[in-house]
Amino acid sequence: MYIFSTTAYCDFTKKLSKQIKLKIGRVEIKKFSDGEIYARVVEKVRGQSVYVVGTIAPPSDNLLELLLLINALKTSQAKHITAIIPYFGYGRADHIVAEGESLSAKLMADLIKCAGVDRVIAVDLHSSRVEKFFRVPVINIKAQELLVIAICGGHSSGRPEDGPHNIVIVAPDNGALPLARRMAKQLHAPIAYFDKIRPRHNVARFGALYGEVKGKNILLIDDMIDTAGTIVQAAHLLKKYGAKKIIIAATHGIFSGSAIARLKNASVEQVIVTDTIPSAHKKKFSKLRIVSVVPLLGAFLTNTN
Ligand code: R5P
């Protein structure tokens, strides 16, 4: 049994392969002069169950590599193909907001199925809607536990200074509420949330804050940080409303545009993300902490196979 990797996930796959004791399958991925991608599976996989790790995220070469590798495994007659997709990009467009838009999350799920996948393992899909778009079994692994361990165990004192009794879990918008509720339950903490609208793409406008944050330590959570507009504005407002220390935690650190500058300048103690997007490692700054989802995925794969 082999595990294969797209170019962007080679290091990630190396770590995962060590944990689940699987050999990394050799592939040939090249680019033609016109930019088209060529993918070939070098190993003989006929009749075998295989894994392939990749992402559906910009740049679009990542998506194409994943589709082509899945398809190469299919044409090589692998018996069962599981795609491990740590970050399922295009997942935010999971419903039609304006007439005439594409439903990109569904299209991506359809493309993967068309390429020949039998099962998908993802980490923190954007919403339950995305999960329903798949026409193959999908396992949506939750990184919440990892983030909670990083938050509670990562400090020298073991906890943020004032202890868990003084923490409020804050969702910067409605979408993050289910995650906030789960975290609040686990940490026995109250929640607060913002009313947020998007007047246009990548721009967040904040309305009312529901909940009490004055004099509290804050755990500000979301599934992803893209331009960091949402999370940094939320942190700024929380400070204005009298919050004490703020820790930001999110599963997917996309960090596009001005994200790093915004986060560096924000009045927050720490920013915790996972390694579902490998390029996050290249964007390190002193407040950033990256925790790996590899042990989580590894444990799941070991226990289910
Ligand atoms: C929105 O639905 C997501 O959960 C995030 O809040 C959003 O994508 C973050 O984007 P940005 O960091 O660009 O504000």
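It should be emphasised that the depicted structure is a prediction, and the values quoted were computed from it without experimental measurement.

Student: How would you sum up the pairing of strand β13 (residues 246-253)? Please name residues and give values.
Tutor: Taking burial as the measure, the 8 residues of β13 include 8 buried ones, the bulk of the element. Two strands pair when backbone bridges link them, and strand β12 (residues 217-225) and β13 are joined in this way by 7 bridges, in the parallel orientation. Residue pairing for β13: Ile-218 is matched across the bridge by Ile-246. With helix α7 (residues 229-240) bridging β12 and its parallel neighbour β13, the resulting β-α-β unit is right-handed. Here 3 bridges tie β13 to strand β14 (residues 270-274), and the two strands are oriented parallel to one another. Paired with Ile-247 across the bridge in β14 is Gln-270.

Student: Could you give an account of the layout of surface pockets, with specific residues and numbers?
Tutor: Its boundaries defined by the atoms lining it, the largest pocket holds a volume of some 1600 Å³. If you trace the largest pocket, you find 45 residues lining it, with Arg-92, Ala-93, Asp-94, His-126 and Arg-198 closest to the centre. Among the residues forming the lining of the largest pocket, the class breakdown is 14 nonpolar, 16 polar and 15 charged. Reported here for the second largest pocket is a volume of approximately 310 Å³. If you trace the second largest pocket, you find 15 residues lining it, with Pro-58, Pro-59, Asn-62, Ile-277 and Ser-279 closest to the centre. Tallied by class, residues from the lining of the second largest pocket come to 9 nonpolar, 5 polar and 1 charged.

Criteria and thresholds
- Residues numbered from 1 in each chain as written.
- Predicted model: local features only at pLDDT ≥ 70, side-chain atom pairs only at ≥ 80, totals over all residues.
- Heavy atoms only, no water.
- Buried < 20%, exposed > 50% of the residue type's maximum accessible area, 1.4 Å probe, protein only.
- Helix = DSSP H or I, 4+ residues; strand = E, 2+ residues; numbered from the N terminus.
- Pairing = 2+ DSSP bridges.
- Right-handed = clockwise from strand over helix to strand, strands pointing away.
- 1 Å grid on protein atoms, 1.4 Å probe; cavity = no way out; pocket = protein on both sides within 12 Å on 5 of 7 lines; lining within 4 Å.
- Points joined across faces, edges and corners; volume = space filled by probe spheres on them.
- Nonpolar A, V, L, I, M, F, W, Y, C, P; charged D, E, K, R; others polar.

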